[in-house]
Amino acid sequence: METLIALVAAAVLITLGTRIVHRLNAQHDARIAARHYSDPFPAIFRPPGHSPRTPTEQAARRRATGTWP
């Protein structure tokens with residue numbers, strides 16, 4: 001009988017734990033959805049020369065390494 005009670009108690013604790021984790025994940029997802037991390041702040045701007053580089057600019061800045069022909 002004690003084994004059955006222990007198994008039921010373990011099952012109840014596992015069920016409660018999964019429900020809590022599910023609710024916390026839902027709250028976290030809602031917080032992430034409410035924030036727009038990619039939107040810049042209106043008062044902040046990038047100074048000249050600090051904008052993202054284009055692929056051609058990145059290729060031009062690379063140095064040749066090694067002696068491959």
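Cut-offs and rules
Residues numbered from 1 in each chain as written. Predicted model: local features only at pLDDT ≥ 70, side-chain atom pairs only at ≥ 80, totals over all residues. Heavy atoms only, no water. Helix = DSSP H or I, 4+ residues; strand = E, 2+ residues; numbered from the N terminus. Buried < 20%, exposed > 50% of the residue type's maximum accessible area, 1.4 Å probe, protein only. Areas by Shrake-Rupley, 256 points an atom, 1.4 Å probe, with all protein chains shown as cover. Patch = residues over 30% accessible without salt bridge, like charges linked within 9 Å, V, L, I, M, F, W, Y side chains within 5 Å. Salt bridge = Lys/Arg side-chain N within 4 Å of Asp/Glu carboxyl O.

Visitor: Quick question: what am I supposed to make of the overall build of the protein here?
Guide: Counting secondary structure elements, the protein contains 2 helices and 0 strands. Within the protein, the proportion of its 69 residues that are buried is 0%. Accessible surface, the protein: about 7,300 Å² in total, of which carbon and sulfur atoms supply 64%.

Visitor: Where do I start with a nonpolar patch on the surface in this structure?
Guide: A contiguous nonpolar patch, built from Met1, Leu4, Ile5, Val8, Val12, Leu13 and Leu16 and spanning about 740 Å² of accessible area, is present on the exposed surface. Inspection of the secondary structure assignment puts Val8 in helix H1 (residues 2–34). Judged by relative accessible area, Val8 falls into the partly exposed class, the value being 47%.

Remember that the coordinates give geometry; whether it matters functionally is a separate question.
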